[in-house]
Structure formats: structure tokens, C-alpha cells
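Tertiary structure, described
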Amino acid sequence: MKTIYDIQQFLKKFGTIIYIGDRVADLELMASEIKELYDSQLIEVKDYQSAALILRTELQRLREKK
């Protein structure tokens, strides 16, 4: 995974489509869903780590922008 879009497509495989309309809320919810999948042992460590890093980086970028 390299982009937010990749994470969205990855989550779709598990039946999760996230769109609230607020970008920060969307990213936070995606992070929560990825963590839940990892805690449930449905995804591999590398998938969790790469998704979490991408989401954290994007959230930080958006928060600094405000």
C-alpha cells in the first residue's frame, strides 16, 4: 500500500466503505478499522504497519495545514 486510495481499496475487500465527508474523520475511521482488522488477526503485520504509517502521515499533514 502506498496511498490512501490503496487503503480504501484494501478495506473494501473486507466490506468496509468509509465516507463521512470530513477528510480527517475519514482517515481516523480508516485507522480504527485497520487496527480492528489487525487485532482480529485478519490482516498481516506488514499491511497494518504500512496502512497505519500512511494514515498517520496524512493526518499529521492535514492537522499542520489547519
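Here the structure is shown first, and the text comes after it.
A quick note: this is a predicted structure, and the numbers were derived from the prediction, not measured. (Residues numbered from 1 in each chain as written. Predicted model: local features only at pLDDT ≥ 70, side-chain atom pairs only at ≥ 80, totals over all residues. Heavy atoms only, no water.)

Residues three or four positions apart in an α-helix share a direction because the helix packs 3.6 residues into each turn. The end-to-end C-alpha distance of helix α2 (residues 23-39) is 24 Å, a good match for the 24 Å that 17 residues give at a rise of 1.5 Å each. All of the buried residues along α2 are V24, A25, D26, L27, M30, I34 and L37. In the segment just after α2, Q41 is the residue with positive phi, at about 60 degrees. (Helix = DSSP H or I, 4+ residues; strand = E, 2+ residues; numbered from the N terminus. Expected span 1.5 Å × (residues − 1). Buried < 20%, exposed > 50% of the residue type's maximum accessible area, 1.4 Å probe, protein only.)

Before going further, it helps to spend a moment on unusual backbone geometry. We note that Q41 has phi near 60 degrees; this positive angle belongs to a residue other than glycine. As for its placement among the helices and strands, Q41 is situated in the loop between α2 and α3 (45-65).

In short, geometric facts, not functional conclusions.
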